[in-house]
Amino acid sequence: MKHEKSLEFYIKKYTIANDNKQKWKSYWEDCYKFALPSKSELAFENSSLIYDATACDCSENLASSLSSALTPTWGRWFSADLLIPEDQQDKETLNKLNNEISSEKIEKTLSSHFLYSNFSLEIHQAYLDLVVAGTAVMMFEENDPGESSAFSFRTLPLKDVVLEENSKGLINNLYYACEFSYDQLREQWRDYVIDDDLKEKCLQDPSLRFSLLQAIGELENGAYEVLTILRSDPCGDLDEPYLLSRKVLNSCPFIAFRWLKASGEVYGRSPIMKVLPDIKTLNKAVELTLKNASLAVTGIWLADDDGVLNPSTVRLVPGAIIPKAIGSSGLTPLKSAGNFDVSQLIISDLRTRIKEALLVNYFSSNTVAQTATEVLQKSSDISRILGATFARLQTELLMPLLKRAWDILEKRGEVPTLSYGHHDLERVSISLSPVTVGSQEWKKNKARDILLWLSSVSSLGVKIHDVMDINKIVDNLAESYGVDKQFILANTDSGQTDTNPSDNNPSDNNQANTNQQDNNPSDSNGLHRVAQSSGSQGTPQTVGAFNGSRT
C-alpha cells in the first residue's frame, strides 16, 4: 500500500506537468518543421513545403560546433583535482596519492569510458534538440559488465518527456512516457505476471505495446527515486497502474538541459525560436521567387476566343493559355514606373540575420588569413555571446554527466572512494570540473595579463627572479595555454637554472636562486607540482565542482 500512494502521487504530478507542456508543442513543431524537418511528426508533408535550407544547415553547424567546444570526442573536456589540506601536503602523503589515486589516472579512466561508449553519437543528437527546441534530454545508463564501456547513452524525444522545476529553478522531477513490446517487457521485468490470453495475443501480433511511465523524483537527501510504472496493456485490461520497479540512486540517470529560459518557464528557448519569423519569411520569399522564376521561364500565353472572357476562370500559372476575344488585347498587366527587383536583397538580408543568430560566422573557419589579434577577438566574442549559455550548460549538462559517471565507476571500483581509513587520507577529496570555452578564455586572459605585467616590470629594470617565482609562473602559463606538465622539467636543487639569460652577474644569480629556494622549500623537492593536477585548480571551473568522495 505504501507504493500505491506513491504511484498516485507521481501520476497526479505527471498529469499536471503534462498539461502545462501542451502550449509548447505547436511552437516546437514549427521549429522542427523549418530547422530539422526529418524529426517533425509531419516530416513527409513538411519536406515539400521547405524551399530554403539555411536554417537546417545553420542548426546542424551550431550543434556540431557545440559538440567540439564543450564535449570534443578526442579531447579531454574535464579535469580532476586532488584537494589536499595544506597540513597534509607532506612528501609521503603526496607520493602515495600520486601512486594510488593520481588525478591523471582518474582522468584517463573517465576519458576511456566516454570514448568507447556511444556518447559522441548521442550528444550530437541532444545538441540538435537543444539548438532547435531549446531543451534536450539524455538518458545515462550503466552497461552490463564485460562491455567495452560502463556507460550507455540515449537521447530521448522531447515529445515523450515532461519536466518539473523546484523552487531554485533546477529540474528536480522528470517523467518519461514510453512504450515497450512484450519481449522488451519480459526481458527487463521477468517477475511481472502476464495473463495467458494477453501473452498469446502479443506473440501473434508483435506490434502490440505496453504503456509505461518512468518517474524520477529528487529526495530530501539529494538522492533520486526512479519508479517504472505500467499504465496500460495492449488490451486495456489493467485496472490500475502497476509498479514494476523502484530504485534509489545517488545520481540522476536522466540529464535535462536548456539553452536559455525566461523566468517562470520550465522549458528552454532556442536560437531557432529567436529567428523563427525570419525563417518563415525567408521560406515564403524563396517560394515566391521560384514561382516567379518558373513564370519567367515558361511564360503565360494568349489565345483567340470567340466567346466572352471570364476573368474568374483565368489561372496565372506557368504554361497556362488564357483565351481572349478575337481582335482584343486580352488581359493587360498594369505597368509600374520602374522594374526594381528587391527579392534578392530581402533574401540575402534574411539569410544573414539567420546565420548571425545561429553564430555561423563565429564558429566557422575563415579562409582569409587572420592576425593573432583577430583570432583572439573572435574567441572573446564567442565567450561573451555564449557566456550565459555555457554557464547554464555547465550546471545542467556537464556537471550532472561527471557526477553520474563518477557514481557508476565508484560502484564498480574503478575510481577511488577515498575512504581508506588512513588518518593521512581521510581529508583528501577529488574535484571534477568541466573545461569549458569560457573557463579556457578566462585562463588565457589571465596569462596575457601576467605576461603584460612581466613586460612592464622588465622595462623598469627590475629583475624578474628577484620579485617572482619563475617556476610557478611557468606552471601557471602551461596550465593556461593547455600545455601538458609532463613536458616541464621538475624543480630540483641541482636543476635550478638562471631564468634571466641576459643577466651576466653570477653572484646575483646565485643569490636569486638561494632566495627562491628559501622562500619556497616545497618547490625545491618537486612536491608542489605533484600536489597540483593537470586540471583547472584555481580557476572558476572548480566553483561548480562536486566532491567525488562521500566520506
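Please read these numbers as outputs of a predicted model, since none were measured by experiment.

Draft legend 1. A look at helix H17 (residues 470–480). The buried fraction of H17 amounts to eight of the 11 residues, a majority that puts the element mostly inside the structure. Of the residues making up H17, those classed as buried are Ile-470, Asn-471, Ile-473, Asp-475, Leu-477, Ala-478, Glu-479 and Ser-480. At the N-terminal end of H17, a side-chain oxygen is found 3.1 Å from the backbone nitrogen of Asn-471, two or three residues along, and the residue is Asp-469. Positive backbone phi, approximately 75°, marks Gly-482, located one or two places after H17.

Draft legend 2. Focus on the packing of aromatic side chains. By the definition in use, this model includes 20 aromatic pairs. The interplanar angle of 50° and the centroid separation of 6.5 Å between the aromatic rings of Phe-114 and Phe-140 together place this pair among those described as tilted. One end of the pair, Phe-114, is in helix H5 (residues 103–115); the other, Phe-140, is in strand E2 (residues 135–142), with 26 residues separating them in the sequence. Classification of Phe-140 as buried rests on a relative accessible area of 0%. For the pair Phe-151 and Phe-153, a centre-to-centre distance of 6.3 Å together with 75° between the ring planes defines the contact as edge-to-face. The same class applies to Phe-151 and to Phe-153, which are both buried. Members of the aromatic cluster, connected to one another through ring pairs, are Trp-77, Phe-78, Phe-114, Phe-119, Phe-140, Phe-151 and Phe-153. When the ring centre of Phe-140 is taken as origin, the NZ or CZ atom of Arg-404, which lies over that ring, is 6.0 Å away.

Draft legend 3. Spatial organisation of the sheet that holds strand E3 (residues 151–156). Reading across the sheet, the three strands line up as E3-E2-E9 and stay open at both edges, with antiparallel pairing between neighbours. Unpaired on one side and paired on the other, E3 and strand E9 (254–258) mark the two borders of the sheet. The average angle at which neighbouring strand axes cross in this sheet is 25°, direction not considered. Strand direction decides the pairing type here: E2 and E9, joined by five bridges, are antiparallel. Bridging from a neighbouring strand, Thr-135 pairs with Arg-258 of E9. In the packing of helix H6 (residues 119–133) onto the sheet, contacts are made with E2, E3 and E9, and the angle to E2 comes to roughly 160°.

Draft legend 4. Layout of a negative patch on the surface. Judged by side-chain charge, Asp-195, Asp-196, Asp-197, Glu-200, Asp-237, Asp-239 and Glu-240 come together as a negatively charged surface patch. Locating Asp-237 in the fold gives a position in the loop between strand E7 (224–232) and strand E8 (242–249).

Draft legend 5. Spotlight on the confidence of the model for the protein chain. Scored by pLDDT, the protein chain has a mean of 77; 71% of the residues are at 70 or more. pLDDT under 50 marks residues 1–5. Its contacts with residues more than four places away, or in other chains, come to three contacts. Across residues 419–425, confidence stays below pLDDT 50; counting only partners more than four residues off in sequence or on other chains, it has 14 contacts.

Draft legend 6. Examining the nonpolar core more closely. Core analysis: the largest hydrophobic core is formed by 110 residues, its most contacted members being Leu-66, Phe-151, Leu-174, Phe-210 and Leu-212. Excluding residues that lie within four positions of it along the chain, Phe-151 makes contacts with Leu-110, His-113, Phe-114, Ser-117, Phe-140, Glu-141, Asn-143, Ala-405, Ile-408 and Leu-409.

Draft legend 7. Layout of the side chain of Asp-407. Inspection of the secondary structure puts Asp-407 in helix H14 (residues 387–412). At 3.2 Å, the side chain of Asp-407 and the side chain of Ser-251 are in polar contact.

Draft legend 8. Geometry of the sheet that holds strand E6 (residues 210–218). Spatially, five strands are ordered E4-E5-E6-E7-E8 in an open sheet, and the strand pairing comes out antiparallel. This sheet does not close on itself; its edge strands, each paired only once, are strand E4 (161–165) and E8. Pairs of neighbouring strands in the sheet enclose a mean axial angle of 15°, with direction left out of account. Where E6 meets E7, eight bridges bridge the pair, whose relative direction is antiparallel. If you follow Gln-214 over to E7, its bridge partner there is Thr-228.

Conventions we followed
- Residues numbered from 1 in each chain as written.
- Predicted model: local features only at pLDDT ≥ 70, side-chain atom pairs only at ≥ 80, totals over all residues.
- Heavy atoms only, no water.
- Buried < 20%, exposed > 50% of the residue type's maximum accessible area, 1.4 Å probe, protein only.
- Helix = DSSP H or I, 4+ residues; strand = E, 2+ residues; numbered from the N terminus.
- Polar contact = N/O pair within 3.5 Å; in protein donor to acceptor, adjacent residues only side chain to side chain.
- Phe/Tyr/Trp six-rings, centres within 6.5 Å; stacked < 30°, edge-to-face > 60°.
- Lys NZ or Arg CZ within 6 Å of the ring centre and 35° of its normal.
- Pairing = 2+ DSSP bridges.
- Axes fitted to C-alpha atoms, helices over the stretch in contact; angles between N-to-C directions.
- Contact = heavy atoms within 4.5 Å.
- Patch = residues over 30% accessible without salt bridge, like charges linked within 9 Å, V, L, I, M, F, W, Y side chains within 5 Å.
- Areas by Shrake-Rupley, 256 points an atom, 1.4 Å probe, with all protein chains shown as cover.
- Salt bridge = Lys/Arg side-chain N within 4 Å of Asp/Glu carboxyl O.
- Lys, Arg positive; Asp, Glu negative; His and termini not counted.
- Charge placed at Lys NZ, Arg CZ, Asp CG, Glu CD.
- pLDDT = per-residue confidence, 0-100.
- Core = buried A, V, L, I, M, F, W, Y, C linked by side-chain atoms within 4.5 Å.

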